[in-house]
Each structure stands twice: as structure tokens, then as C-alpha cells.
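What follows is each chain in one-letter form.
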Amino acid sequence: MRLKQFLVLPKLPERILALQELAQNLWYSWNWDLVKLFIRLDPEMWEQCYQNPVEMLSKLSQETLQRAANDDGFVANLNRVHLKYREYLSQKRWFQSKHGDLSGSTVGYFSLEYGLDTGLPVYSGGLGVLSGDTLKSASDLGIPMVAVGLLYRYGYFRQFLSSDGWQQERYEENDWYHMPVQLVRNENDEPLRVSVMLGDTPVQLQIWKVSVGLIPLYLLDTNIPENSTKCREITSVLYGGDKDMRIRQEIILGIGGVRALKALGIEPSIFHLNEGHSWFLTLERIRSLMQENHLSYQEAKQYVWSTTIFTTHTPVPAGNEKFDTVLIHRYLSGLISELGISWKDFISMGRVMPDDDTESFGMTVAALKTAAFANGVSILHGRVSRNMWHNIWPELPTEEIPIRAITNGVHLGSWISHDMQELYESYFGASYTEHPGAPEHWKRVHKIPNAEIWRTHNRRRERLVFFARKRLKQQLTRRGASQLVINKAEQLLDPRIMTIGFARRFSTYKRGNLIFSDTDRLERIINNEDRPVQIIMAGKAHPLDTPGKEIIKEIVGYISQERFRNRIIFLEDYDINVARYMVQGVDVWLNTPRRPQEASGTSGMKAALNGALHLSILDGWWDEGYSDETGFKIGNGEEYDNIEIQDRLESEILFNTLESEVIPLFYDRNDNGVPLHWISKMKAAIEMAGQSFSAHHMLINYAEHFYAPAIKHSRELSENDFSIARSVTAWLEHITRDWNNIVIEDINIPELESTVYVGQKFPVTMKIHLGDISPDDVLVEMISGHLNSQEEIQNYTPVVASLLNNSDEGQPDTKGFYTFAGEVTCTESGRFGIRARVIPKNKHLPHTLKPKLISWW
């Protein structure tokens, strides 16, 4: 079919033309003053367009637009917001003040999904919302970041439930020309395109740009006529299809993403992989360095390792992405040949046990091996990850596995209700508006009068109840319910009583049905005449997760019973908009995962920032966020082998905690009806979340511990035509080749008294044979401390030993041994042990904790 295409834009009167510019930047999603202007134009249209201002402006009548242009008050507010936006884009920010010496460098951030706002549905859940919050906070902090993802034609599914509660999926095609995305064009005004080979098939990609404050997000799209139908479908659905579809999506994201940035003239200094989905980008970076800078494969790989950050989000081995080697060969054999390495060497990168031919290719394993900077997303998850991937570094003690912990956080402007935000601005001071993530502001929450913060929170609960009733009526109408049933929805829920929220992806380990384990007890709790409770639930199961769907069906079955009907509801089609209403309006946020399967979780952080109290298993972020002052716990961090026993015990604890702690505290009121002790916990929770669990806090940690060091390594290794990268690689090859010749002959300590006391110090010497390795190239460390029952040293800090000057001034003795010496302190009573080790030392590397390069005595 032949046709000519052109784009028709709404014709805005000149006085309100700024709306068009403001609608194209996701800055609107965390600026209530701007959102109010769009709502003021047409509240119903705003909701019909899923809060997408681009689509809304295209659908408003010319009469409505002209009326706004004639409204002096509207125009004055618009001009004020537009000026605020312009100032936002030009202000000097935290990163420029703290790391001005790193200007000109860019962080390349890759993620398979981005949850930025309801009106841009290219996300499914927590991972995407974290990515979106990361970009927003990077913009607020001035971190020089460019992001890459995929543009999904159908996005993630919209959920609706059958009358018996079975989840069904509906996929709606996205109209990109009515969304805040713009097709990137070249100098000839043609769509800018790059190509990626999938096996022997070339795939064309076009690039769309999303502006997130100061951060550009580029989304790749294969849905263009030049591609075959099979290739056009690559970017059709998020988390859809089989493994063959997934690997093609991830190759497009990784390899296509690097090529897209290069075509845009953007060459990041460092790359941050948010999960292993984008790992294939490392191959493209290596190939490009080999081709354009004439590095060898090992030199390019070493440079890429030093400049890559990897964040893992999955706390169980089965949840990490793996591909059959047949698929790897099908789509990447050409690139592997281009890199000049053997199939065995390549495939071993993705295996914990390189010689195990039965092991699939693991994206997480490959990322951990090729990233100098790696982290889990909570302190507990970091510990779990170090245990899970210990076999990649079998010679290292688990606590030293190079996987750090940087706990997730949430973007304050996106998740704090505008009512609470106005309250914080009033009491935190003027600087809060410009620097909301500054920890010192949050102490001032205790200055807010109890009655005022309680009044504000009550208002948000009322908004949530009215929103929930409206959504429920829409659900009932779609199912064909009678008008009588629809009208009854107006009486469901009570805006004055304790409201518990539970909303998340429905996976079996999250145990969405745990609170229904004793329905008679639950009935007594929610229908208590003096202290009633209501529960609002929401969430989706993955389309292929039948057990997750069964849990939703089970819950809907329970709440359809007359005894629960007025007190428990399930909202369909959980998305960012539903999440906002819930975390901003509930009194208690419930979370019941099986520890330690929740890597972090962020919904409880969002609720806490709005004054809700978290009631949760001590898992993910709550394991470090909980205290008696900030919320409630279910259990004491126990882990179980038998999940039936775990569910039974923890459901009992959940009910006991509700009945004996949570509900009585909520209903303990003074003469004015204000729950003073509850509000004390609210304020402590707000302070805790604001200080430690914002995305600003998270990104400052990334910048200080990962981004800044990695950028410095990038600059150092690449200067003078990568001369240092080349020399470091040669050094590593020499070290690796001769490492097995290292021998620690003995540890010598002086004869001690029969009794040794805490705090006592004594010298230790070691004779070490280094072969052809120079003592300047190694670090000799003493490990000492308390011994456990397995004779393992616990809670130690390595002490560096120094080379003693022998008669030949630092040369080995006649037998080829060097002498190193140091001092050990007995730090605690009990059995005490000493070990020694040798590891490589090179100031040009982020660290030298590489597999197989460690020798122990």
C-alpha cells in the first residue's frame, strides 16, 4: 500500500504555547504546579488520556485552548511554571559542585524497562520504576547520564479480572506520536537508524528520545517497514515471548544501544547495567575498541571491566537470566569470530564453572566477571549475592566477594503527595525545595504539629477511598454488573478507619494471600465494631505465572464473600497512578515476602515518606530500615527450609502483631481524636525514609563509590592512545602466567606467654617465594581474628605486611624468598587464628580481586 505521511500537531494559541514544550519533558511528572494546569484545562480528559499531556493537548478542542489563553490567571501560572522549568534546566547542581573535575564525562545507563509515568507505558513493575526514579534523581543531582532502553509497541499488558477473579491480559498499541517521545532524525531530517546483526539477519533500529528533566532517554524501535515481521516484533511486548525473543531483545538493547549512542555522537565514559539484560553491550564496546582504537581483545576487555558498573536485583539463582548455548551461537557466532576468541573462551564468561558444558550462559555471571563495580540493592541482598556467587571467586572469603550493597531509593518528587509536599515545604525551610534529598531537612519533620500532619494524612486517606470507589465502579461496569451492584460500590470502604495497603507483583514468594491464612480471624479483625480495619489490594501476575494468577483468584474469591465485601477490595490494572494513590493514602503498608527473596522492594519506602507505617517481614530494605520507632516487623529475620512451616508461623505472627500492636496503637487517641503515639512513629518513619531511602541518597552513593572512580579510571586508562590500558593488560598477563609459582613458606610469630590478652600486639614475619613476580606487584596481608567452630576466621580486617630490607636491599635470599613483616592485634577473647595471603597490586585498577589470583597460607 502506498501512502504519504505527515504529522498534525495541535495549534496552541501563542499565550499558552509553552504548554507544548512542557508536555514533552517528563519533568511534569514530578511537578504538581504543572500537573494542576493540565487538570485545570479538562480534568476528565486528563484521566481519559492516562495523565499524558501530549495526547491531552491533541484532543482538546480549539475552544478550550483559546479559553485558557484568554484566562489571565491561567497564563500567569503557566508563565511562572515555565520560568521554574527553565531555571531547573540551567541551575548548577550537586554533581557539578562536588565533581566539577569530571565534567565532560557521561554515564551510560541501560535498562530493559523504565517506569517514568502512567502515560508512558514502557514498564512492568519495580525494576522499571527504579530505573525511572534513577533518571529523575540523576537529573535533580546533575549527574551526567544518558539512558537507553527499548520502545515497546504494546508495552506491558493491561489487567482485567473475570467474574471469578482469573487474571486476563489486554495489550493496547501505543501511539508514540501522542506521547512524550520524539523520533530522532539525522541532518537530512530522516529517521536516524543503526543496524545490528542477529545471526545472519540485519535488523534496522530507529531511535526515539524521551526527555526526563536534564536526562535524555533513548528508546530503540525495530518496528519499521525495512525489517521482517519477525524482526519488527522484537520490540513489541515487554517480557513477552520465549527465550528466543528475550535474547533478541537483549542483543538489540545492548549492542544496538551502544551503536545508537555512537550514531548520536555520544560516547559514555562508563556504563551502568541495571540488571544483566543489557550485558551484550560489553561485547560491542570490546569490538569497537578493537576496531577503532586497535586494542587487542584482552586490552579492550580489561578497559571495559574497569569502566563497567553492574547492579544485580535477583536474590535466587533461578531468577537470573540464562540462555541455552544454542541460542548464543545462533545469534552471536559472527560477533564472537570478529572478537577473535574461541567459542570455549567466550562461553566460559557466562559460566560459574567454566569447564561445565552442561551449564547455560548466565547473564548475571557474565556481568559479574566483566564489571569491576558490582552491587546488590540492599545490605541483606548484597550479603545474599556474595553467598550466591561465591564460586566465581572460590579463593576469596565470602564477605570479600566484590559485590557491594547500595540500597535502592525512590524519587521524592514523584511519590510524596502534593499535600504532604506542601507541608514539608512549610516546615523544612526554603532549601528543601531546591535540595529535597538533603538528609538534614528530614529531622525537621518533628516540628510539624501533630494535628496538622494527621489532618493532612486523613485527607490523603479520603482521596484514596474515593479513588478506589471510582476504580471499583469502572471494574464492575466493565464486567456487566447490575446498576444496583455498581451503586453499592459507593458505600464500600470508610475514609475514617485504619487502611492497610498491599500492592505488588503477584509472585508466590511475595505471599499475597498470607493474610487470608486464617479467614475467621481476619473477619474478626476487619469487622471489629470499635477498631475496624479495611484492606486495599492490587497487583499483576506475569502472564505465564499460573501460580501467581491462582493467588489473585483465591483472594478475589475470599473478598467476594459477604463478610469481607465492604472491607477488602482488589483494584485491577495496577500501575504508577494506582500506586501513587495507595502509598499516599494508606495507614499501613503490608509486605510479606519469604526472606531473603525480596532483593530490596521500594513501595514501603514510598509509603513511609507519606507517613504510612511499614508492617513487613525483615527482608530487603526493611531489614536495615526497621526500628521500633519507625514501623512494625513480622518475625525476627528467620529463614526456613520448610515453607509450609514458615507460612504457618509467620501468618500467626502477622495476626498477633496486628491485634496486639498495630491496631491498638492506631486507635489510641487523645481527647481531640489524635493518635499521638502513632504520629510519633509516622514522623520517625518519614525521617528514616527521607534520610536514607531516597533515590538522591542512592545515586550519591553510586556517584561517590562507582561513577567517580570509574570515570577517573576511564580517563587514566585511555590517555595517550590507551597506553596505560595496554601496559596494565600486559602486567596482568604476566601476573596470571606466573601466579602459581607463589609459595608462602611459613608464618613466624615470637614465643608468647601461655596467656595472651585482648589488645596484645605481636610481630609476625613471613617468607614468600614470588618467582618472577616483583614484590612491588603484590600485596601481602595478614588475616587474624576469632575462630568459629569450622576454624574459619571471623570479623577480620586485613593487615598489610611490609617487605623487609634484606642484605641485598629488597632482593630475595639465596633460596628466592622475600621476607615480609607486620603486627597483629588480638581484638577479642577466645580461640584466635592467623593466616596470610598474597594478592596482586596495581594502582591503575579499581581492585585486583580477580578469580584465581590469590594465594593463601
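Note that the structure is a prediction, hence the values are computed from the model and not measured.

Parameters and conventions
Residues numbered from 1 in each chain as written. Predicted model: local features only at pLDDT ≥ 70, side-chain atom pairs only at ≥ 80, totals over all residues. Heavy atoms only, no water. Helix = DSSP H or I, 4+ residues; strand = E, 2+ residues; numbered from the N terminus. Rg over C-alpha atoms; globule rule 2.2 N^0.38 Å. Buried < 20%, exposed > 50% of the residue type's maximum accessible area, 1.4 Å probe, protein only. Contact = heavy atoms within 4.5 Å. Areas by Shrake-Rupley, 256 points an atom, 1.4 Å probe, with all protein chains shown as cover. 1 Å grid on protein atoms, 1.4 Å probe; cavity = no way out; pocket = protein on both sides within 12 Å on 5 of 7 lines; lining within 4 Å. Points joined across faces, edges and corners; volume = space filled by probe spheres on them. Nonpolar A, V, L, I, M, F, W, Y, C, P; charged D, E, K, R; others polar. Salt bridge = Lys/Arg side-chain N within 4 Å of Asp/Glu carboxyl O. Phe/Tyr/Trp six-rings, centres within 6.5 Å; stacked < 30°, edge-to-face > 60°. Pairing = 2+ DSSP bridges. Axes fitted to C-alpha atoms, helices over the stretch in contact; angles between N-to-C directions. Core = buried A, V, L, I, M, F, W, Y, C linked by side-chain atoms within 4.5 Å.

**Examining the overall build of the protein**
- Along its length, the protein carries 30 helices and 29 strands.
- For the protein, whose C-alpha radius of gyration is 29 Å, the value lies close to the compact-globule estimate of 29 Å for 857 residues.
- In terms of overall dimensions, the protein has C-alpha extents of about 95 × 75 × 55 Å along its principal axes.
- The buried share among the 857 residues of the protein stands at 58%.
- Across the protein, contacts joining residues at least 24 apart in sequence account for 72% of those joining residues at least 6 apart.
- Total accessible area on the protein stands at roughly 35,500 Å², and carbon and sulfur atoms take up 48% of it.

**Structural notes on empty space enclosed by the protein**
- Tallied over the entire structure, the rule returns 1 cavity of 30 Å³ or more.
- Reported here for the largest cavity is a volume of approximately 40 Å³.
- Forming the walls of the largest cavity are Y109, L130, T134, N274, T311, H313, N408, M698 and Y702.
- Of all elements in the fold, only helix 8 (126-141) and helix 30 (695-738) reach the threshold of two or more residues within the lining of the largest cavity.
- Of the residues belonging to the lining of the largest cavity, the class tally is 4 nonpolar, 5 polar and no charged.

**Here's the deal with the pattern of salt bridges**
- By the definition in use, this model includes 53 salt bridges.
- In this structure, E659 engages R521 in a salt bridge whose closest nitrogen and oxygen atoms are separated by 2.7 Å. Linking E659 in helix 28 (residues 643-666) with R521 in helix 22 (residues 519-526), this pair joins segments that are 138 residues apart in sequence.
- Take E659: its relative accessible area is 31%, and that puts it in the partly exposed class.
- Judged by relative accessible area, which is 10%, R521 ranks as buried.
- Each of D33, K36, R80 and K84 takes part in salt bridges that share partners, so that together they form one network.

**A word on the packing of aromatic side chains**
- Inspection of every chain in the model, using the stated rule, returns 37 aromatic pairs.
- Geometrically, the ring pair formed by F38 and W46 is stacked, given 5.6 Å between the ring centres and 0° between the ring planes. Take F38 and W46: they sit in the same class, and that class is buried.
- Pairing F516 with F564 gives two aromatic rings, centres 6.4 Å apart and planes at 90°, and the pair type is edge-to-face.

**What about the sheet that holds strand 17 (residues 568-571)?**
- A sheet is described by the order of its strands in space; here 6 strands give the open sequence 17-16-15-18-19-20, paired in parallel fashion. Two strands bound the open sheet, and with one partner strand each, they are strand 17 and strand 20 (631-634). Across the sheet, the mean angle from the axis of one strand to that of its neighbour is 20°, orientation sign disregarded.
- Relative to strand 19 (residues 613-617), strand 18 (residues 588-591) runs parallel, the two being bridged by 4 bridges.

**Digging into the nonpolar core**
- If you look at the biggest cluster of nonpolar residues, it comprises 182 residues, and the most contacted ones within it are I16, M145, W279, F280, F346 and Y707.
- Here the element with the most residues in this core is helix 30; it accounts for 18 residues.
- Apart from residues lying up to four places away in sequence, M145 is in contact with T106, V107, Y109, T134, L135, A138, I215, P216, L699 and Y707.
- By size, the runner-up hydrophobic cluster in this structure holds 95 residues, among which are W442, F506, L571 and F693.

**Structural notes on the environment of G213**
- Here G213 is to be found in the loop between strand 7 (201-212) and strand 8 (215-221).
- Taking the relative accessible area as the measure of exposure, G213 reaches 8% and is therefore buried.
- Between the C-alpha atom of G213 and that of K136, which follows or precedes it by 77 residues, the distance is 6.8 Å.
- Among residues more than four places away in sequence, those in contact with G213 are N25, W27, W30, Y88, L89 and S139.

**Regarding the pairing of strand 7**
- Of the pairings in the sheet, the one linking strand 5 (residues 182-183) to strand 7 comprises 2 bridges and is antiparallel in character. The residue bridging L183 from the neighbouring strand is W208, located in strand 7.
- Pairing of strand 6 (residues 193-198) with strand 7, which is carried by 6 bridges, proceeds in the antiparallel orientation. Bridge assignment links R193 to a residue of strand 7, and that residue is Q206.
- As consecutive antiparallel partners, strand 6 and strand 7 are separated by 2 residues, and within that stretch G199 has a phi angle of approximately 70°, a positive value.

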